Amino acid sequence: MTADRKICMIPGPIEFHEDVLAAMGTPATSHVDPNFIPVFGETIEMVRKVVLSKSAQPFIVSGSGTLGWDMMVNLIEQGDEVLLLNTGYFGSHFAICLETYGAKVTQLGAEVGSRPSQEAIKEAVSNTKYKFVCCTHVDTSTGVLSDIKAVAETVKSVSPETLVVVDGVCSVGSEEIRFDEWNLDVVITGSQKGLGVPPGLSIVIASQKALQVAQNRATPVPSYYSNWNKWLPIMQAYEARKPAYFATPAVQLIYALHASLAKITSQPIEVRFQKHREVASQFRQTIKSWGLRQVAQSEECSANGMTAVWLPEGVEVAKLVGGLAGKGVQIAGGILKECATKYFRIGHMGISVMEDERGHIKKVENALANSLQELGYKSA
């Protein structure tokens, strides 16, 4: 690591394994090259394994994770009722995206650091017939973890036809997700967080039920690039080890995703879930022992791939971020509009968690403690 190279400990992009970076260096390769076709097919299959599904359909498409929001245009028709469970910045912006395509969005929120109660969710779905209910599994702005298993159980118990859509951009690869067992319908993610791949791939996993809803719509999908009717034959072809074309895939990124998923799936996924839980819990205990408070209000709603922490009085976020940067660690400030300057965020996922020998977590803790002390905070 060069002197000016900081370890990237923000809530994504995260640190990338050397094998992933090597795969990114794959020479120019045609997207229909016989060597690439099975790589893409295997990558699709491994995405299923990460979310513990046998039958869901992954879409792996060039674009930001935000493109996954746009892909909900396949499920939305003008005036459709959608319930959005809001736990922060990304919930609010997901709502704006859905409204762009004609959804009538009702937002069910909670105070900063908390999440809507199951009682409130049950009441909402009992009073209105929603096309789908969506939530952010981990809102990166607050570090709040939604209980998507309970959400799906509550929604389906009242309205079995209602789809459950999960924004898992900051959770896939670091949080427990059991797609089939929990009866989820859509999980949206990106390459650059828990999956440990450079930014640039939008990954959406859809249940067969969600695909059927898209097929049975009364109006055409008002999108070209995001249209599942365009992408489904492509994904099916590559998985069948056949070439196909709609739009050029990001070949090198798919090689990189293949390399990362091969590592992730080389051991039971439960091992990965548990390791992230353990490291996150230890990190939260450390900052608590320093007298700091995290934004998430309880252990139950605390993410395992990142932590948002309230700044102690008298410490400015820009100076703290700069202090850690000077010690070779990149962290992030806040982004929740009403309190962005009052907290900071640290990511702990991927190889930084799974490979203790890298020492990333300890380096973050040491840099954070020293920087806080330099800024006048004495408890660290």
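Being a predicted model, the structure only gives us computed values, none of them experimental. The residue numbering used here restarts from 1 in each chain and proceeds along that chain's sequence as written. Per-residue local features are limited, in this predicted model, to residues with pLDDT of at least 70; the limit for side-chain atom pairs, both in listing and counting, is 80 or more; totals at the level of whole chains, interfaces and linings are taken over all residues. Neither water nor hydrogens contribute to the side-chain values; these are computed over all heavy atoms in the structure.

Things to note about the side chain of serine 146
Note the threshold: Secondary structure follows DSSP: runs of H or I at least 4 residues long count as helices, runs of E at least 2 residues long count as strands, and numbering of each begins at the N terminus. To sort residues, take the accessible area from a 1.4 Å probe on protein chains only and compare it with the maximum for the residue type: under 20% means buried, over 50% means exposed, and anything in between is partly exposed. We call two residues contacting when some pair of their heavy atoms lies within 4.5 Å.
On the secondary structure map, serine 146 appears in the loop between strand 7 (144-145) and helix 6 (148-158). Owing to a relative accessible area of 7%, serine 146 belongs among the buried residues under this scheme. Contacts of serine 146, omitting those with residues within four sequence positions, involve Thr87, Arg115, Cys135, Thr136 and His137.

Here's the deal with the pairing of strand 3 (residues 81-85)
Filter applied, for reference: Two strands qualify as a pair provided that DSSP identifies no fewer than 2 bridges between them. Handedness of a crossover is defined as follows: orient the strands so they point away from the viewer, and if the path from the first strand over the helix to the second runs clockwise, the crossover is right-handed.
For strand 3, the buried fraction is high: 4 of the 5 residues fall into the buried class. Here 5 bridges tie strand 3 to strand 4 (residues 104-108), and the two strands are oriented parallel to one another. Pairing of leucine 85 across the sheet is with leucine 108, part of strand 4. The parallel pair strand 3 and strand 4, bridged by helix 4 (residues 89-100), forms a crossover whose chirality is right-handed. Bridge count between strand 3 and strand 5 (residues 132-136): 4 bridges; the pairing is parallel. In the strand pairing of strand 5, valine 82 is matched with phenylalanine 132.

Remarks on helix 2 (residues 37-50)
What counts is decided by this rule: Helix span, expected: 1.5 Å multiplied by one less than the number of residues in the helix.
The terminal C-alpha atoms of helix 2, which comprises 14 residues, lie 21 Å apart, in line with the 20 Å expected from a rise of 1.5 Å per residue. Counting buried positions along helix 2 gives 10 out of 14 residues, so the element sits mostly inside the fold. If you check which residues of helix 2 are buried, you get Ile37, Val39, Phe40, Gly41, Thr43, Ile44, Met46, Val47, Arg48 and Val50. Buried residues along helix 2 sit in contact with strand 2 (57-62), strand 10 (201-206), helix 8 (228-239), helix 9 (251-264) and helix 10 (269-289). Leucine 52 sits one or two residues past helix 2 and shows a positive phi near 55 degrees.

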